[in-house]
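Remarks on the overall topology
Listed below, chain by chain, are the residues.
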Amino acid sequence: MAPSGPRSIKRGCQRALYWIPVLFIALIVAWSYYAYVLQLCIESIEDTGEKVVYLLAYHVIFFMFVWAYWQTIFTKPMNPLKEFELSHSDKELLEREDRGESQQEILRRIAKDLPIYTRTNSGAIRFCDRCQLLKPDRCHHCSVCDKCILKMDHHCPWVNNCVGFSNYKFFMLFLAYSLLYCLFITATDLKYFIKFWTKGLPDTQAKFHILFLFFSASMFSVSLASLFIYHCWLVCKNRSTLEAVRAPVFRHGPDKNGFSLGFTKNFLQVFGDEAKYWPVPIFSSLGDGCSFPTCLVNLDPEQPSSPAGSSSANKSAAEGRQFPSKPLRESQSRLLTSTPSWSESEGARDKDKKGASNPVMTVENEA
C-alpha cells in the first residue's frame, strides 16, 4: 500500500502538466479577444458601421470556435461495450494457457460472437492485455488515457483528450472554426497592420497589439490550414491518423481502404445525415463506434452472426446484442442500414451460397 501514495501523487502531477498546452491556448485566445475587441475595434477603428460589422461577425465566429474547442476537450472518449470484455471464466482460462496458439484459440472462439474483422499484423485476434478485452475494429489503447478508445485517431495534447469516435466531429469543427477565426482576424486587421508601417496609426499601445495580432493570426492560419486539409483528406478516405500511418489488417491482409464507402458515406459517417447539425458541435455521427461497415466483398468466414451449434439461449442472447446500436435519431441509421450490418451480411452471404448451389444441382440433374 505504501507505493500507491507516491504513485498517485505522480499521476496527479502528470495530469496537471497535461493541462499546460490547453492553458496556453486559452491565454492566447483571451489575449486575442482583448486585442481585437478593445484595442482594434473600439480604440482604433473610427467608422461606426465597420466597427459594428466587425464585432458582430467576430463574436459569432468566436462563439462557435470556443464551443467546438470546449466540446473537443470535455467530451469523454467512448470505450468498448461490455460484450468485448472477457468474462471471469474466460480470463481464468486464458491465464491458465501458456502457449500463444492456445490463447488465440480461446480468443477466436470469443470473437465469433462479435463484429471483429481486423487482425494484428501476424493475423492474430487483437486483444488488450491492460483492459482485458477484445479490441473492436478501429479501436486502440491510449497510453496517456490508459484506456481503449473507440475509433481512436490520436491523443491531442492541445485538447488534453483522445480524439476518437465520440469527439472527432467536434475536433474537425474546432479546426475549421479556429482556422476561420485566424483568417478573419488576419483579413480585418490587414488594413491597420499596413497603417502601422505607414505611420497612419496614433502612437498608442493599440498599435503594438495590432502588430502582434496580425503576426500571430497569420502564423496560426498556416499551421491550422495544413492540419485541417489533412484531416479533411482523412474524412474523405474514412481513415484515422493511425490508419493512415499503418493500414488496418483484415483476414486477407492490410487494406488502407477497407473502411472507405465512398466520399458521401464517409462524410456522413462523421457528420451525420442531417445537414442542419453539420456546422454545430452536437454529436451526430452515425453508428456506435464498435462496428463499421466495410467495402470488403468477402467478409471473414470465421465471423458468423452466432456460433455454430449454439443453443436457443445463446441465439436469444446474440439477438439482444445488436451491432451497430441505434443512433440518437432514426435518420442517423440510414447509412449503416443501407450497408449490411455485421449480422445481416452473414445472413445475406448464406443466402447467396444457397442460391449459388441450387443452379449447380439443377445442371447435374439435367445431365
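Residues numbered from 1 in each chain as written. Predicted model: local features only at pLDDT ≥ 70, side-chain atom pairs only at ≥ 80, totals over all residues. Heavy atoms only, no water.

1. Some points on the overall build of the chain
For clarity, the cut-off: Secondary structure is summarised from DSSP: a helix means a run of H or I of at least four residues, a strand means a run of E of at least two, and numbering begins at the N terminus for each. In what follows, residue pairs with any heavy atoms lying within 4.5 Å of each other are defined as contacts. Note on areas: these come from Shrake-Rupley sampling with a 1.4 Å probe, and a residue is covered only by the protein chains present in the view.
For the chain, the helix and strand inventory stands at 12 helices and 8 strands. For the chain, contacts bridging at least 24 residues in sequence account for 67% of all contacts bridging at least 6. Of the roughly 19,900 Å² of accessible surface on the chain, a fraction of 62% belongs to carbon and sulfur atoms.

2. Remarks on a nonpolar patch on the surface
In plain terms, the rule: Patch membership requires more than 30% relative accessible area and the absence of a salt bridge. Residues of like charge join within 9 Å; the nonpolar side chains Val, Leu, Ile, Met, Phe, Trp and Tyr join within 5 Å. In the sections that follow, a salt bridge refers to a side-chain nitrogen of Lys or Arg positioned within 4 Å of a carboxyl oxygen of Asp or Glu.
A contiguous nonpolar surface patch, about 360 Å² in accessible area, is contributed by Trp 19, Trp 70 and Phe 74. Looking at where Trp 70 falls in the secondary structure, it is placed in helix α3 (residues 48–74).

3. What to know about the environment of Pro 281
Stated precisely, the cut-off is as follows: Throughout this description, buried means an accessible area under 20% of the type-specific maximum (1.4 Å probe, protein chains only), exposed means over 50%, and partly exposed covers the range between.
Topologically, Pro 281 is positioned in the loop between α9 (263–271) and α10 (312–319). Assessed through its relative accessible area of 0%, Pro 281 is described here as buried. Considering only alpha carbons, one finds Pro 281 and Phe 65, 216 residues apart in sequence, at a separation of 9.5 Å. Those residues within four positions of Pro 281 in sequence are excluded, and the remaining contacts are Met 64, Trp 67, Ala 68, Gln 71, Phe 170 and Leu 173.

4. Some thoughts on the UniProt feature "transmembrane region" (unreviewed entry) in the chain
Inclusion rule: UniProt positions are given in the numbering used here, feature names are shortened, and annotations may be inferred rather than shown by experiment.
As recorded in UniProt, the feature "transmembrane region" (unreviewed entry) lies at residues 16–36, 52–70, 170–188 and 208–230. In residues 208–230, helix accounts for 100% and strand for 0%; the two terminal C-alpha atoms are 34 Å from one another.

5. Quick notes on the state of the cysteines
Note the following rule: For the purposes of this analysis, a disulfide is any pair of cysteine sulfur atoms at a distance within 2.5 Å.
Enumeration over the complete set of coordinates arrives at 0 disulfides. Between Cys 290, a cysteine without a disulfide, and Cys 139, which holds the nearest cysteine sulfur, the sulfur-to-sulfur distance is 7.8 Å. By relative accessible area, which is 0% here, Cys 290 ends up buried.

6. Notes on the packing of aromatic side chains
Where we set the bar: Two rings from Phe, Tyr or Trp (for Trp, the six-membered ring) form a pair when their centres are within 6.5 Å of each other. A pair whose planes differ by under 30 degrees is stacked, one over 60 is edge-to-face, and the rest are tilted. Working rule: Lys NZ or Arg CZ, within 6 Å of ring centre, within 35 degrees of ring normal, means a charge sits over the ring.
This structure, assessed with the given rule, holds 28 aromatic pairs. Seen from their ring centres, Phe 193 and Phe 214 are 4.1 Å apart, and the 15 degrees between their planes marks the pair as stacked. Separated by 21 residues along the polypeptide, Phe 193 in helix α6 (residues 168–197) and Phe 214 in helix α7 (residues 206–237) bring together distant segments of the chain. Neither residue differs from the other here; Phe 193 and Phe 214 are each classed as buried. Within the aromatic cluster, the residues linked to one another by ring pairs are Tyr 33, Tyr 36, Tyr 54, Tyr 58, Phe 62, Phe 65, Tyr 69, Tyr 168, Phe 171, Phe 174, Tyr 181 and Phe 184. Across the ring face of Phe 259, the terminal group of Arg 138 is positioned such that the distance to the ring centre comes to 4.5 Å. Against the face of Phe 292 rests Arg 138, its NZ or CZ located 5.0 Å from the ring centre.

7. Considerations on the confidence of the model for the chain
Operational definition: Per residue, pLDDT captures the predictor's confidence, and it can take any value from 0 to 100.
Put simply, the chain has an average pLDDT of 83, and 79% of its residues get 70 or more. In this model residues 297–351 is a low-confidence stretch, pLDDT under 50, and it forms 90 contacts with partners more than four residues away in sequence or in other chains.

8. Describing the packing of α3 against α6
What counts is decided by this rule: Helix axes are fitted only over the stretch in contact, all axes being lines through C-alpha atoms; the angle between N-to-C directions runs from 0 to 180 degrees. Oblique is the label for any angle not covered by the other classes, which are roughly parallel (under 35 degrees), roughly antiparallel (over 145) and roughly perpendicular (65 to 115). For a crossing to be left-handed, the near helix must be turned anticlockwise from the far one by less than a right angle; the clockwise case is right-handed.
One can describe the packing of α3 onto α6 by two numbers: an axis separation of 8 Å at closest approach and a directional angle of 155 degrees. When the interaxial angle is binned, α3 and α6 end up roughly antiparallel. Viewed along their axes, α3 and α6 form a crossing whose handedness is left-handed.

9. Some points on α9
Since there are 3.6 residues in each turn of an α-helix, residues three or four apart along the chain are aligned in direction. Along α9, the residues classified as buried are Asn 266, Leu 268, Gln 269, Val 270 and Phe 271. Of the residues flanking the end of α9, it is Gly 272, one or two places downstream, whose phi is positive at about 90 degrees.

10. Some remarks on the pattern of salt bridges
Under the definition given, this model contains 7 salt bridges. We note a salt bridge from Lys 276 to Glu 274, for which the minimum N-O separation is 4.0 Å. Assessed through its relative accessible area of 57%, Lys 276 is described here as exposed. Relative accessible area serves as the criterion here: at 17%, Glu 274 is assigned to the buried category. Each of the salt bridges in this network shares a partner with another, and the network as a whole consists of Glu 101, Glu 105 and Arg 108.

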